[in-house]
Amino acid sequence: MTDLGAPVDSVKGIGAAKKAALGRMGIRSAGALLWHFPRDYEDRRGRTRIASLSPGMAAAISASVVSIEAGGPSYGGRGARRPLKLTVCDRTGTLEIVFFKADYLAKSFAVGKEYAFYGRVSPGSRGLQMAHPDFSAEGGRWDGAIVPVYPLASGISQKDLRRWTECLLGGDPRIDEPLPEGTLARNRLCGIGYALRNIHFPEDRRRLMEARYRLIFEELLTLQAGLMMLKSDNEAAKGMSFGAEVRGFVDGLPYRLTAAQRRALADIDGDMGSGRAMNRLLQGDVGSGKTVVAAAAMYKAVKSGFQAAMMAPTETLAWQHFGELRGLFAPHGVRTGFLAGGVRGAERRALLEKLKSGEIDLLVGTHAVIQPEVVFGRLGIVVTDEQHRFGVAQRVRLQQKGESPDILVMTATPIPRTLAFIVYGDLDISVMDEKPPGRQAVFTKATDAGGRDAAYEFMRREIRTGSQAYVVAPLVDDGDGGRALKSATGLHAELARRFKGHSVALIHGQMRQSEKDAAMRDFYAGKAAVLVSTVLIEVGINVPNATIMLIENAERFGLAQLHQLRGRVGRGERQSYCILVTERGSAEAEERARIMVSTDDGFAIAEKDLELRGPGEFFGARQHGMPRLRIANLLKHVKVLAAVKDEAHLLLAGDPGLSLPENRALRERIAALFSKAGEGLGEDAEIDAGKIGI
Ligand code: ADP
Ligand code: MG
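Residues numbered from 1 in each chain as written. Chains lettered and ligands numbered in written order. Predicted model: local features only at pLDDT ≥ 70, side-chain atom pairs only at ≥ 80, totals over all residues. Heavy atoms only, no water.

The next thing to look at is the sheet that holds strand β19 (residues 530-533). What links the strands of a sheet is backbone hydrogen bonding, and the strands pair in either a parallel or an antiparallel sense. An order of β16-β21-β20-β17-β19-β18 is seen for the six strands of this open sheet, with the pairing classed as parallel. Edge positions in the open sheet fall to β16 (443-448) and β18 (504-507), since each of these has one partner strand only. Between one strand axis and the next, the sheet turns by 15° as a mean value, whatever way the strands run. Across five bridges, the pairing between strand β17 (residues 468-472) and strand β20 (residues 546-551) is parallel. Within β20, the residue paired with A469 across the bridge is I548. The strands touched by helix α15 (residues 488-498) are β17, β18 and β19; relative to β18, the strand with the most contacts, the crossing angle is about 175°. Packing against the sheet, helix α18 (residues 587-598) makes contact with β16 and β21 (577-582), and its axis sits at approximately 155° to β16. (Pairing = 2+ DSSP bridges. Helix = DSSP H or I, 4+ residues; strand = E, 2+ residues; numbered from the N terminus. Axes fitted to C-alpha atoms, helices over the stretch in contact; angles between N-to-C directions. Contact = heavy atoms within 4.5 Å.)

Given below as structure tokens:
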């Protein structure tokens, strides 16, 4: 019997080369082959008569070979090689079959014999033709079947995958059912063995649909139950309620909170005083003032005798938060610490020691704060900024550093309401739909290269009046790409010449952290008038005195990114400008520029983004740190999701930790799904499934 846990090369026909190619696709065990689902199917059950073929259609025909014209060097030995050509016929007509660069195939055919061909029909030199069809002698394996079409990687063919998968299933492997029996019965789902057989080699459409439904249901249930388990519903009788102290903190701010900020704080107040752990998403467009709301919440926790931690996706942003929070908190005697990859040696050891002993009240940092050696004495609240940059698993790792701490996650990436519920299903949501008073809408203008000089002249005038400006380019170095693209280093040199008498700073991802910090500090302090950068500054940076955002090669950036970049200006009371310099854009790039010029509303832009890029991209880019799904689609399968939600509630109500024997297999699935959620995100990408604690 086949063991699905065995390495993939235990399957017949898989040697070292194929094993390596499969590894690149993430397929390492025999079982993983079975979970590599077809992306499509070819229906070869019916036979089409040659007379009814038309260009563009994919068809299966049954025909005998009339003549074979061997391929080879062209006549006279020059020019393109001649293809191998077959003329085949059935009772209704003849068709040309061609194979390029495949002379060796000539041996596979004999004149007068009948074969099955499957392929796409196109216009040829003599009537219709089929190029590179799949073929087999009549009675071959795939005749009259629904044939799977798999996603491929180089070095692996459809034939390979079909053969291996068939061979595996034929070996009657033991496939453990991950879903509890009750779940199967209540939702009329087929068993896992049946589902796998029919997702790969369905006998008919009905069976394929049963299999698909079951696998989609399983995947969504794993996701949903996982998200629900992440929500720590534990009693957390910390009794933190907003008292006079927080009011004092808020009253001490140099500005009045907006109504939206006060509403968000009231939500947070309710959560923190409720005796249950808070799980809240604070969603507010760029510049709406999320940081100070988080600050008030952390202040409350600290004054109640707990520690607070805040995690940001980049060191620059973490450093900015640290500076701002230290400024806000120092007068109140709150002790703050900063932790990022660059904090090392004795400094780091001392910091970790103080965290453990409780001598630091607030830790601000990057992914570095979720490393195992970071231990808190009494962590009471955890804040994640720009949550869409983190995986769900990373957030969970931070929260596990305390005993059911309150959780506040913040994001500016607006997500359409219909999706927010799914993506952030485990969180309560507060929306801040208002900007601090006195802000003027950013004036946005799109121009082509012809307008560049005028734009920089305008920038010079603004700078002279004491403003600061950002210039963003897609590349780090001129050598990095086509000549058409601007680079940060190139622009830095150019602008240093152009703006003599003003200091121009540069920041990009290939600089050392200390250099980046120095550049950022100069810009924060107003010493540098211009900051030239790559998209490094995309999120979170807050310099209210900056009034110009000039984006070079704006056609290279997506809508969400452009909106984030524009959000860096318009943070003070002066009129701000966003200039998009577009180099011969595509129609889509022009549409993006048009949208940017026409609206400043992050929600409207997110909807447009979804429209332009489609849901695949939206989730595919893992903007939201969600696990990657194999077969389910959160937008398409909304109906299944409704059934899945009911089932997840039912399961967790009866067994909150999914620790009963019948639920354990599902729990393992959840751990596996979420362990992948953090992949490729940030500096600390490796997530150990065991640490997720689910
Ligand atoms: P974001 O929501 O994009 O993270 P920030 O928290 O960085 O926004 O705030 C942007 C700027 O607005 C900061 O300079 C902050 O001090 C300021 N700010 C926040 N709230 C108010 C307010 N109620 N009135 C005036 N300025 C505010
Ligand atoms: Mg922010």
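We are not done yet, so read on.
Side chains V504 and L506 project from β18 onto one buried face, and the interleaved A505 and I507 project onto a second face that is buried too. Sheet topology note: the β18/β19 ladder contains four bridges and is parallel. The residue of β19 that forms the bridge with V504 is V530. Remark: the β18/helix α16 (residues 513-524)/β19 crossover connection has right-handed handedness. (Buried < 20%, exposed > 50% of the residue type's maximum accessible area, 1.4 Å probe, protein only. Right-handed = clockwise from strand over helix to strand, strands pointing away.)

Pairing within the open sheet is parallel, and its seven strands lie in the order β11-β12-β10-β13-β14-β9-β15. Pairing within the sheet leaves two strands with one partner each, and these edge strands are β11 (336-339) and β15 (428-432). Geometrically, the sheet is characterised by an average inter-axis angle of 20° between neighbouring strands, direction not taken into account. Along the sheet, helix α10 (residues 315-329) makes contact with β10 (307-311), β11 and β12 (362-365), crossing β11 at roughly 175°. Where helix α11 (residues 345-357) meets the sheet, its contacts fall on β10, β11 and β12, and the angle it forms with β11 comes to roughly 130°.

On to the environment of P372. In this fold, P372 is placed in the loop between β12 and β13 (379-384). In sequence terms P372 and L398 are 26 residues apart; their C-alpha atoms lie 9.7 Å from each other. Residues in contact with P372, not counting those within four places in the same chain, are R397 and K401.

Another aspect to go through is the packing of aromatic side chains. Counted according to the given criterion, the structure contains 16 aromatic pairs. Between the aromatic rings of Y213 and F217, the centroid separation amounts to 6.1 Å while the plane-to-plane angle is 40°, which identifies the pairing as tilted. Taken together, the residues Y213 and F217, both in helix α6 (residues 205-230) and four residues apart, mark about one turn of the helix. Classification of F217 by relative accessible area gives buried; the value is 0%. These aromatic residues form a ring-pair network of at least three members: F99, F109, Y115, F117 and F135. Over the face of the ring belonging to F306 we find R378, whose NZ or CZ atom lies 4.1 Å from the ring centre. (Phe/Tyr/Trp six-rings, centres within 6.5 Å; stacked < 30°, edge-to-face > 60°. Lys NZ or Arg CZ within 6 Å of the ring centre and 35° of its normal.)

The next subject is the site of ligand 1. Around ligand 1 sit 17 residues, and of these R256, G287, K290, T291 and N542 come closest. Between G289 and ligand 1, the recorded distance is 3.0 Å, taken from a backbone N or O atom to an oxygen atom. In the model, an oxygen atom of ligand 1 is placed 2.6 Å from a nitrogen or oxygen of the T291 side chain. When the free accessible area of ligand 1 is taken as 570 Å², the share hidden by the protein chains comes to 89%. Split into classes, the residues belonging to the shell around ligand 1 amount to five nonpolar, seven polar and five charged. (Near = heavy atom within 4 Å. Polar contact = N/O pair within 3.5 Å; in protein donor to acceptor, adjacent residues only side chain to side chain. Areas by Shrake-Rupley, 256 points an atom, 1.4 Å probe, with all protein chains shown as cover. Nonpolar A, V, L, I, M, F, W, Y, C, P; charged D, E, K, R; others polar.)

A word on the nonpolar core. L325, F329, L339 and I381 are the most contacted members of the largest nonpolar core, which totals 60 residues. Ranked by residue count, the leading element in this core is helix α9 (residues 290-303), at 10 residues. If we skip the residues at most four places from it in the chain, F329 touches F249, A295, Y299, V334, T336 and L362. (Core = buried A, V, L, I, M, F, W, Y, C linked by side-chain atoms within 4.5 Å.)

A word on unusual backbone geometry. Backbone geometry places K101, a non-glycine residue, at a positive phi of 50°. Mapping K101 onto the fold places it in the loop between β4 (93-99) and β5 (114-124). Unlike most non-glycine residues, N553 shows phi in positive territory, near 50°. Along the chain, N553 falls in the loop between β20 and α17 (559-566).

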